[in-house]
Amino acid sequence: MQKMVSVKSDALRYAREYYNVSLEEVCSKTNIKVDDLERYEKGDDFPSYARLERLASYYNRPVFFFFSNYRPETSKVQVAFRSIQNSNHVTLPKQTRELIEKADLYRLNLLELYKDDDKSTFSDLLKENSCSKQEDLMALLRDKLELSLEKQVSFPNANKLLEYAREKLYDIGIYVFKDSFRDNSISGLCIYDDSFPIVLLNNKATFNRQLFTLFHEIYHIYTKEADVDFVARNEESACNTFASEFLIPEKDLLNEIEMVDELENKSVIDDLAKRYNVSADAIMYRLVKMGKLDGGFYNQNRISDFRQSKSSSGNFYNTKISYLGNSYLNKIFSSYYAGNISKAQVGIYTSLRSANVSKLASKMFGGAF
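Each value, and the rule that gives it
Residues numbered from 1 in each chain as written. Predicted model: local features only at pLDDT ≥ 70, side-chain atom pairs only at ≥ 80, totals over all residues. Heavy atoms only, no water. pLDDT = per-residue confidence, 0-100. Helix = DSSP H or I, 4+ residues; strand = E, 2+ residues; numbered from the N terminus. Axes fitted to C-alpha atoms, helices over the stretch in contact; angles between N-to-C directions. Parallel < 35°, antiparallel > 145°, perpendicular 65-115°, else oblique. Contact = heavy atoms within 4.5 Å. Nonpolar A, V, L, I, M, F, W, Y, C, P; charged D, E, K, R; others polar. Pairing = 2+ DSSP bridges. Buried < 20%, exposed > 50% of the residue type's maximum accessible area, 1.4 Å probe, protein only. Core = buried A, V, L, I, M, F, W, Y, C linked by side-chain atoms within 4.5 Å. Salt bridge = Lys/Arg side-chain N within 4 Å of Asp/Glu carboxyl O.

**Student:** Describe the confidence of the model for the protein chain, naming the residues involved and giving the relevant values.
**Tutor:** Averaged over the protein chain, the pLDDT score is 91; the fraction of residues at 70 or greater is 95%. Mean pLDDT values for the elements of the protein chain range from 81 in helix 5 (residues 76–88) up to 98 in helix 9 (residues 149–152).

Structure follows, in structure tokens:
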């Protein structure tokens, strides 16, 4: 078995430390002995090509990376890793770091797609409008999203409202994508960027939860922060306060409950949740914080904000459209039809093979690609 004697030991070590994973964890996923990997990282031995391929796949790196002395400079993603870990006093698992990388890849894709366009940005919008308080930001968003409270409550369900908000946010420079996170302790995350800030939502969460997470992350973008929204962290942060007040305005909620004799009633809570297109949990939590509902009732009646996994995930192309969003896909295909990007680039921006790109285009627009 020929060994790859040109492999750089520090490249192997860098790739593992980038994801902050142990030797034992890497070896359990790649079927390599701990002692062997330790020797590879010290330069005392070298992996076979087959083993190097397995390591490259696990580390999400091309094989040639491990033959080069080049090490990337500190990236926006690494800065985000550190910022999130420091602010939450946690160590991010590898899968979460990969999701942050995916969010940053969307940012880079948008940067290329709009390199010749004068695209309005959310940071410019904030500069043009004084938003020194949460109330100012809420008013600005209501205006620019054309989403008055009356319009919000008119939507038949949270999914319709969420998709409406995604498309409107795209127009003002906040880009929302979805993915099926393997870790249901996280409901979403965001990467801040002056030109292309990204929100990535956990599609396994209910639409109500996704909607709340979206506005939670918007406040992080407003404060120029990267974030991972951990489900277990329910403290009354500024971001949760913002999302709660935006989606469930206290003044309106007080009017709705003024004539209600008993709030500790699941039917009443469900009706309020339906009105605002939020979860019953969000309504109960809001009422507890307002001193209108007993915390014991809230704890006894909480329901998971995550949907049960199904054996069938539905139509592949519908899922892809849901994850990427219509505005992003329309920009990709319009750039292709205008001759500005190649079919191969369409595949890169959508993470699809050529044949699947054609099927996606047919699904969206009809006809041949």
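**Student:** Got a sec to walk through the packing of helix 1 (residues 9–18) against helix 3 (residues 34–42)? Specific residues and values, please.
**Tutor:** Running from amino to carboxyl end, helix 1 crosses helix 3 at an angle of 120 degrees, the nearest separation of the two axes being 6 Å. The angle between the axes of helix 1 and helix 3 places the two elements in the oblique class. Where helix 1 approaches helix 3, its residues Ser-9, Leu-12, Arg-13 and Arg-16 are matched on the opposing element by Tyr-40, Glu-41 and Lys-42. In the contact of helix 1 with helix 3, the residues fall into two nonpolar, one polar and four charged.

**Student:** Describe the sheet that holds strand 3 (residues 198–202), with residues and values.
**Tutor:** What the four strands build is an open sheet, ordered 1-3-2-4; its pairing is mixed. Edge strands, defined here as strands with exactly one partner in the open sheet, are strand 1 (175–179) and strand 4 (227–230). The mean angle between the axes of side-by-side strands here comes to 15 degrees, regardless of whether they run parallel or antiparallel. For strand 1 and strand 3, the ladder comprises five bridges, and the chain directions are parallel. When the sheet's bridge partners are listed, Asp-179 is paired in strand 3 with Asn-202.

**Student:** Now, about unusual backbone geometry: what can you tell me, with residues and values included?
**Tutor:** For Asn-31, which is not a glycine, the phi torsion comes out positive at approximately 60 degrees. Taking the relative accessible area as the measure of exposure, Asn-31 reaches 66% and is therefore exposed.

**Student:** Explain the nonpolar core residue by residue, including any values.
**Tutor:** Core analysis: the largest hydrophobic core is formed by 63 residues, its most contacted members being Leu-37, Tyr-59, Phe-66, Ile-100, Leu-110, Phe-177 and Tyr-328. When residues of this core are assigned to their parent elements, the largest contribution, six residues, is made by helix 6 (residues 94–113). Once residues within four sequence positions are removed from consideration, Ile-100 is found in contact with Val-77, Ala-80, Phe-81, Ile-84, Leu-92, Leu-189, Ile-191 and Val-228. Listed in part, the 57 residues of the second largest apolar core include Leu-140, Tyr-192, Phe-215 and Ile-269.

**Student:** I'd like a rundown of the environment of Leu-147, residues and numbers included.
**Tutor:** Within the secondary structure layout, Leu-147 lies in the loop between helix 8 (134–144) and helix 9. Residue Leu-147 is classed as buried on the basis of its relative accessible area of 1%. C-alpha of Leu-147 to C-alpha of Leu-161: the two residues are 14 residues apart in sequence and 9.6 Å apart in space. In this structure Leu-147 touches Arg-142, Gln-152, Phe-155, Leu-161, Tyr-164 and Phe-246, once residues within four positions along its chain are discounted.

**Student:** Provide a residue-level description of the pattern of salt bridges, including the pertinent values.
**Tutor:** Counting across every chain of the model gives 21 salt bridges. The shortest N-O distance in the salt bridge between Arg-16 and Glu-41 comes to 2.7 Å. A residue pair is termed long-range when its members are at least 10 positions apart, and Arg-16 in helix 1 and Glu-41 in helix 3 qualify at 25 residues. Overall, Arg-16 belongs to the buried group, its relative accessible area being 13%. Its salt-bridge partner being Asp-104, residue Arg-107 comes within 2.6 Å of it at the nearest N-O pair. Residue Arg-107 and its partner Asp-104 are both found in helix 6; the two are separated by three residues, about one turn of the helix.

**Student:** So, the pairing of strand 4: which residues are in play, and what are the values?
**Tutor:** Where burial is concerned, the two faces of strand 4 agree: the one with Asp-227 and Asp-229 and the one with Val-228 and Phe-230 are both buried. Where strand 2 (residues 186–191) and strand 4 come together, four bridges link them in antiparallel fashion. Bridging across to strand 4, Gly-188 finds its partner in Asp-229.

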